[in-house]
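Chain residues, written in single-letter form:
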Amino acid sequence: MQKVGLGGTSPRFCVFIANRPPLDEYQHDIYRPMRPGEIADIARQTGNHWRKIFNVYAKLAYLLDNDHCRSWQQLRDEKLLQEGSHYALLFNAPDLKNRSPQSLILGKGYADNLGLTAESGGPLDWDMPGFALDARADFIVCPYFDYRQLSNIKLLYLKDLIARNQMLKK
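Just so we're clear, the structure is a prediction, and the values are computed from it rather than from any experiment. (Residues numbered from 1 in each chain as written. Predicted model: local features only at pLDDT ≥ 70, side-chain atom pairs only at ≥ 80, totals over all residues. Heavy atoms only, no water.)

1. What to know about the environment of His28
Tracing the backbone shows His28 in the loop between strand 2 (13-16) and strand 3 (31-32). The exposure class assigned to His28 is partly exposed, which follows from its relative accessible area of 48%. Every residue in contact with His28, bar those within four places of it in the chain, is listed here: Val4 and Arg20. In terms of polar contacts, His28 uses its side chain to reach the backbone carbonyl oxygen of Asp24, at 3.5 Å. (Helix = DSSP H or I, 4+ residues; strand = E, 2+ residues; numbered from the N terminus. Buried < 20%, exposed > 50% of the residue type's maximum accessible area, 1.4 Å probe, protein only. Contact = heavy atoms within 4.5 Å. Polar contact = N/O pair within 3.5 Å; in protein donor to acceptor, adjacent residues only side chain to side chain.)

This is how it looks when you write it as structure tokens:
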């Protein structure tokens, strides 16, 4: 699968999102690490929506592996999606036959568009409202990265679901 999006060279964790930052620079089908300060620049230019996406992603990444950072804010500003990061934010649709590394698909609407939900004849098992595992435990669908949909309590639940999913693969 050719990756389109932002992240480290060899990500171990990929988040698939149905949209891109609405700036010319992100409308090309390339994959590259983010530059230092780029997350803040996107938030400054596009407003609250993308700021929330990066903040929630940083909070989740910090819960999974703080990467020697003192806070999720430091992880967001100094490491998330930059060179050497183990994370990726992908704008292309996931390859549903060959998924690796661990993957999240953001939002039930996106999962439905990909043909994964029961409404579209897909193989998902809904663990609880907003969270689903593929029948082979290859990926997780979770609420969109937004504070209202993915609160701190739900982030902790997602962290545990990711850990459980990784254990099933071993």
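2. What to know about the side chain of Glu38
Inspection of the secondary structure assignment puts Glu38 in helix 1 (residues 38-46). A residue is classified by how much of its surface remains accessible, and Glu38, at 2% relative accessible area, is buried. A distance of 2.5 Å separates polar atoms of two side chains, one belonging to Glu38 and the other to Tyr26. Polar contacts involving the side chain of Glu38 include one to the side chain of Arg32, which spans 2.4 Å. Those residues within four positions of Glu38 in sequence are excluded, and the remaining contacts are Glu25, Tyr26 and Arg32.

3. Quick look at the pattern of salt bridges
Overall, the coordinates contain eleven salt bridges when judged by the stated rule. For Lys52, the salt bridge identified is with Asp146, shortest N-O distance 3.1 Å. Here Lys52, found in helix 2 (residues 48-64), pairs with Asp146, found in the loop between strand 8 (139-142) and helix 5 (152-169); they are 94 residues apart in sequence, far enough to count as distant. Judged by its relative accessible area of 12%, Lys52 falls in the buried class. The residue Lys159 makes a salt bridge to Asp160 at a minimum N-O spacing of 3.7 Å. Given the relative accessible area of 28%, Lys159 is considered partly exposed. The structure contains a network of salt bridges with shared partners spanning Glu25, Arg32, Arg35 and Glu38. (Salt bridge = Lys/Arg side-chain N within 4 Å of Asp/Glu carboxyl O.)

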